[in-house]
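Remarks on the overall topology
Now for the letters of each chain:
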Amino acid sequence: MSRPPLPNGLAALAALAVLVIAGVGHVGSPDVYFRGAAGPYDVGVVSRPPGVVPGQLDVVVQVSNEPAAQVTVQPVLWETGADGAPPPDLAAPVLGEAGAFATRLWLMTSGSYSIRVVVSGTRGTGTVDVPVVSAATRELPMSPALGALLLALGAFLVFGLLSIIGAGAREATLDPGVPVDAPRRRRARLAVCSAAAIFALALLGGNAWWNHSARAYRRIIYKPLASRVSLADSGRVLQFVITDSRWRQHEETPLVRDHGKLVHFFLIRAPGMDAFAHLHPVTSDSNDFRVALPPLPAGTYHTYADIVHRSGYAETLVDTLVIGGQGSPAFSPTDSDDSWIVSGALTAASDTRRATLADGSIMSWDRGDTSLVANVIAPLHFTVTAPDSRPAVLQPYMGMSAHAMIARDDGSVFVHLHPMGTIAMAAQSIFSRGGDSTRDAPLPMPMTSATLPDTVSFPYAFPKAGHYRIWVQVRRAGRVLTGSFDARVR
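Everything numeric in this text was worked out from a predicted model, so none of it was measured. Numbers given to residues run from 1 along each chain, matching the order in which its sequence is written. A pLDDT threshold of at least 70 governs which residues receive local features in this predicted model, and a stricter bar of 80 or more applies before side-chain atom pairs are shown or counted, although totals over entire chains, interfaces and linings include all residues. Note that the side-chain values use all heavy atoms of the structure and ignore hydrogens as well as water.

Comments concerning the overall build of the chain
- Strands are runs of DSSP state E lasting at least two residues, helices are runs of H or I lasting at least four, and both sets are numbered from the N terminus onward. Each helix and strand in the chain was counted, giving five helices and 27 strands.
- Each principal axis of the C-alpha distribution contributes one length, and for the chain these read about 110 × 60 × 50 Å.
- Exposure classes here rest on a 1.4 Å probe applied to the protein chains alone. A residue is buried below 20% of its type maximum, exposed above 50%, and partly exposed in between. Out of the 490 residues in the chain, the part that is buried amounts to 50%.
- In what follows, residue pairs with any heavy atoms lying within 4.5 Å of each other are defined as contacts. Long-range contacts, defined here as pairs at least 24 residues apart, represent 67% of the contacts in the chain between residues at least 6 apart.
- His residues and chain termini do not enter the charge count, which takes Lys and Arg as positive and Asp and Glu as negative. To locate a charge, take NZ of a lysine, CZ of an arginine, CG of an aspartate or CD of a glutamate. Of the charged side chains in the chain, 40 are positive and 38 negative, and the gap between their average positions amounts to 6 Å.

Here it is as structure tokens:
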């Protein structure tokens with residue numbers, strides 16, 4: 001099945017700076033990429049969270065298979081639902097980009113949003129929800145030049161007002177040419193001093209208000225749930241514990257299963273990124289998650305725990321773990337979808353296009369001579385060939401044709417994505433139910449059993465230049481296979 005293209009470096013987004021945040025949905029990669037269908041229309045959606053609250057979300061929608069007469073987008077907050085959402089905004093066609101529409105939406109509060117995209121055209125109307133996390137991740141600094149300009153204008157205003165008040169008190173009732181006597185001069189000085197005192201109090205009050213607002217804003221800056229990763233049972237079990245008081249006091253909504261798992265847990269050995277594991281801890285009390293540790297080599301590992309709340313809020317909890325190589329040779333996975341791989345170390349010259357998988361099949365990265373450029377949709381297309389050189393028949397892996405994990409060599413970027421993009425499938429399911437995540441029925445899996453073609457692709461743009469490693473996971477003949485690729489992004 002052909003996939004619709006995504007907006008690629010559209011002018012509406014290309015000029016924007018990359019925001020680097022950690023923890024909200026992914027690490028160091030805040031932009032949201034989605035590829036799917038809005039009714040009869042194939043759409044690609046790119047949205048760029050502002051990083052401040054309130055703030056404006058940039059949204060670009062690409063309709064690829066049919067002409068679209070109109071595209072509207074609407075921010076829907078989980079707590080209020082569509083009934084409490086503002087009216088949809090009409091997206092404007094992007095000049096020079098056929099089928100592309102762009103707009104900006106205000107996100108007025110922190111929380112879990114869905115961007116409801118409605119496409120209208122000759123084939124009727126189609127709708128799709130694209131989950132977005134709204135979080136304050138930074139303070140916007142005031143530039144020294146702007147601060148100096150505002151200070152100069154403020155001083156001009158204050159001294160101007162004092163001058164007017166002094167002149168008014170001294171000469172307002174005098175006829176032209178009449179000299180100012182001593183009592184009028186004293187009255188003018190008294191008026192100026194009184195006004196200066198009032199202005200000083202106003203400035204102090206304004207400064208106090210400013211500082212109070214700044215402190216209030218800092219309190220809403222995103223803080224990931226506190227957690228702890230350690231080893232238990234003589235190093236044979238990995239223990240992931242959510243220790244945050246907000247979680248323990250039930251101030252956060254419970255977790256929901258994404259791709260059938262409460263937690264997708266990843267380990268990446270530093271600095272060579274030569275060992276990788278994708279595990280699925282289980283819990284009995286919603287706080288303490290445990291999973292059997294595969295036989296990974298000793299070393300320090302970056303850990304990333306992907307979770308999705310009942311509100312659709314997705315976040316990644318980051319930690320480090322030192323493994324002493326205690327993994328038992330008689331390792332038995334906790335979950336049949338657990339997987340790991342040990343490969344060569346990433347180097348500055350690494351640029352891999354082909355990987356031999358554990359069953360002897362070959363995974364190829366079909367990127368030709370295309371260079372990878374930050375903030376431009378990357379050609380993440382992969383083909384799997386069976387050991388007999390025939391196209392491989394793939395099977396769904398946790399409801400998807402493939403999963404891919406991308407990490408930068410310094411650990412500043414980590415993203416877990418799928419052929420439908422970077423969104424959490426569970427969050428989209430929640431919003432497609434009208435925000436109701438309390439139903440007893442489990443969140444659906446898009447693919448439960450099927451035979452899939454030998455090619456997979458992912459919509460994504462690397463957020464910044466550097467060296468990256470990509471792990472692409474597929475299932476073939478009931479076995480999870482992982483291909484490892486290296487790339488340099490300009």
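A few points about helix α2 (residues 144-171)
- In this model α2 runs 40 Å from its N-terminal to its C-terminal C-alpha over 28 residues, within 8% of the 40 Å that 1.5 Å per residue would give.
- Within the span of α2, buried status applies to Leu162, Gly166 and Ala169.
- Where α2 is buried, its residues meet α3 (182-220). Helix span, expected: 1.5 Å multiplied by one less than the number of residues in the helix.

Things to note about the sheet that holds strand β2 (residues 41-48)
- Note on pairing: DSSP must find at least two bridges between two strands before they are called paired. Strand order in the open sheet formed by five strands is β1-β2-β3-β7-β6, with antiparallel pairing between adjacent strands. Edge positions in the sheet fall to β1 (32-38) and β6 (92-93), since each has one partner strand and no second.

With respect to the sheet that holds strand β26 (residues 466-476)
- If you trace the four strands from one edge of the open sheet to the other, you get β24-β23-β26-β27, paired in antiparallel fashion. Each edge of the sheet is formed by a strand with only one pairing partner; in this case those strands are β24 (414-417) and β27 (479-489). Geometrically, the sheet is characterised by an average inter-axis angle of 15 degrees between neighbouring strands, direction not taken into account.
- Note that strand β23 (residues 403-408) and β24 share four bridges and pair antiparallel. Residue pairing across strands places Ala407 opposite Phe414, the latter belonging to β24. Angles here are taken between N-to-C directions and fall from 0 to 180 degrees, while the axes themselves are lines fitted to C-alpha atoms, restricted in helices to the stretch in contact.

Some thoughts on the packing of α2 against α3
- Where α2 meets α3, the axes come as close as 8 Å, and the angle between the chain directions of the two elements is 150 degrees. By the angle class used here, α2 and α3 are roughly antiparallel. Here α2 and α3 pass one another in a crossing that is right-handed. In this structure, α2 uses Val158, Leu161, Leu162, Ile165, Gly166, Ala169 and Arg170 to contact α3, whose residues at the interface are Arg184, Arg187, Ala188, Ala191, Val192, Ala195, Ala196 and Phe199. Any angle that falls under 35 degrees is termed roughly parallel, while one over 145 is termed roughly antiparallel, one within 65 to 115 roughly perpendicular, and all others oblique. When the near helix sits turned anticlockwise from the far one by under a right angle, the crossing is termed left-handed; a clockwise turn instead gives a right-handed crossing.

Observations regarding the environment of Ala386
- With respect to the helices, strands and loops of the structure, Ala386 is situated in the loop between β22 (380-385) and β23.
- Sequence separation between Ala386 and Ala152 is 234 residues, and the spatial gap between their C-alpha atoms is 72 Å.
- Apart from residues no more than four positions distant in its own chain, Ala386 is found in contact with Ser361, Pro391, Ala392 and Arg476.

Details of the pairing of strand β21 (residues 362-365)
- Pairing of strand β20 (residues 354-356) with β21 involves three bridges; the strand directions are antiparallel. Across the sheet, the residue bridging to Arg354 is Ser364, located in β21.
- What sits between β20 and β21 in their antiparallel hairpin is a turn of five residues, with Gly360 showing a positive phi close to 90 degrees.
- Pairing of β21 with β22, which is carried by four bridges, proceeds in the antiparallel orientation. Bridge assignment links Trp365 to a residue of β22, and that residue is Phe382.

What about the nonpolar core?
- Among the buried residues, those of types Ala, Val, Leu, Ile, Met, Phe, Trp, Tyr and Cys that are joined through side-chain atoms within 4.5 Å form a nonpolar core. Ranked by internal contacts, the top residues of the largest apolar core, which has 35 residues, are Leu380, Phe382, Ile406, Phe458, Tyr460, Phe462 and Val472.
- Listed by contribution, the elements that provide at least two residues to this core are β21, β22, β23, β24, β25 (455-458), β26 and β27.
- Listed in part, the 28 residues of the second largest apolar core include Val32, Val61, Val73 and Leu105.

Quick notes on a nonpolar patch on the surface
- Patches here are clusters of residues that have more than 30% relative accessible area and form no salt bridge, with a 9 Å joining cutoff for like charges and a 5 Å cutoff for nonpolar side chains (Val, Leu, Ile, Met, Phe, Trp, Tyr). Note that accessible areas follow from Shrake-Rupley with a 1.4 Å probe, and for residues the cover is restricted to the protein chains shown. Salt bridge criterion: a side-chain nitrogen from Lys or Arg within 4 Å of a carboxyl oxygen from Asp or Glu. Together, Met142, Leu146, Leu149, Leu150, Leu153, Trp209 and Trp210 give the surface a local cluster of nonpolar side chains, amounting to about 760 Å² of exposed area.
- Mapped onto the nonpolar patch, the elements with two or more residues apiece are α2 and α3.
- In terms of residue count, the dominant contributor to the nonpolar patch is α2 (four residues).
- Secondary-structure assignment places Leu153 in helix α2.
- Its relative accessible area of 48% is what places Leu153 among the partly exposed residues.

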